[in-house]
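Here are the chains, one letter per residue:
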Amino acid sequence: MPRFSTTTALAGAAAAFLLAAGAPVAGAVSGEAAEPHVVTYDASQAEEFQGAVDEAAQVWNGQLSNVKLEKASDGQADLTVLADDNWPRAQTDSLGVGTVWIGRAAVEEGHHIPRITTHEIGHILGLPDDRTGVCADLMSGASAGTGCKNNLPNPDEKAEVDENFAQGAVIQPRLFTEEPVLAAG
């Protein structure tokens, strides 16, 4: 949740009163935006994917207004990122809280590590899979194929995440798996 204190509330109320009375207030900005929601992450168990997790956090931070990903510094994290030999997946517990596994099976198949990582974190930020097969859609995941190197959310995906955090969206616990479904043969 955004950091908020009684001091901040009182200062805001005083500034609003002074502005309403027509008095100039030093440092007051009209339409000042609220602090972004901070989602802390721990990639210490992501093994060889730690750098990709940090890169994905930077990608999301450069795209969003209402949420910011930060490395956890106290051993407690909203998001834990792990590495394993299966397919990538994400377990959401609530908005901004969950576990991501960067699975080596998709990497071995040739999927782009930065795209995998940014996509899986997208689930924790409230985005579902859409499997459009379109590379420009980050949440199309593996359906875009191994040639897709896009690790940026599209405008609709960015807007949905910002709205999720602005509105305090409630997301249900869910496991998102990326393993492709094989056609019955």
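Our structure is the block above this text.
Residues numbered from 1 in each chain as written. Predicted model: local features only at pLDDT ≥ 70, side-chain atom pairs only at ≥ 80, totals over all residues. Heavy atoms only, no water.

Visitor: Looking at this model, I keep getting lost on the sheet that holds strand E2 (residues 67-71). Mind explaining?
Guide: What links the strands of a sheet is backbone hydrogen bonding, and the strands pair in either a parallel or an antiparallel sense. The strand order across the open sheet built from six strands is E2-E1-E3-E5-E4-E6, with neighbouring strands paired in mixed fashion. Across the chains shown, the open sheet's two edge strands, defined by having one partner strand only, are E2 and strand E6 (174-177). In this sheet, neighbouring strand axes are inclined to one another by 20° on average, regardless of whether the strands run parallel or antiparallel. Examined bridge by bridge, strand E3 (residues 79-84) and strand E5 (residues 97-103) share six bridges and lie parallel to one another. Opposite Leu-79, over in E5, you have Gly-98 as the bridge partner. (Pairing = 2+ DSSP bridges. Helix = DSSP H or I, 4+ residues; strand = E, 2+ residues; numbered from the N terminus. Axes fitted to C-alpha atoms, helices over the stretch in contact; angles between N-to-C directions.)

Visitor: Sorry if this is basic, but what is going on with the state of the cysteines here?
Guide: Two cysteines form a disulfide when their sulfur atoms are joined by a covalent bond. Per the stated rule, a full pass over the model turns up one disulfide. A sulfur-sulfur separation of 2.1 Å characterises the disulfide bridge that pairs Cys-135 with Cys-148. Measuring the twist about the S-S bond at about 85°, one finds the Cys-135-Cys-148 disulfide to be right-handed. On the criterion of sequence distance, the pair formed by Cys-135 in the loop between helix H4 (113-124) and helix H5 (155-167) and Cys-148 in the loop between H4 and H5 is long-range, its members being 13 residues apart. What makes Cys-135 partly exposed here is its relative accessible area of 30%. (Disulfide = S-S within 2.5 Å. Buried < 20%, exposed > 50% of the residue type's maximum accessible area, 1.4 Å probe, protein only.)

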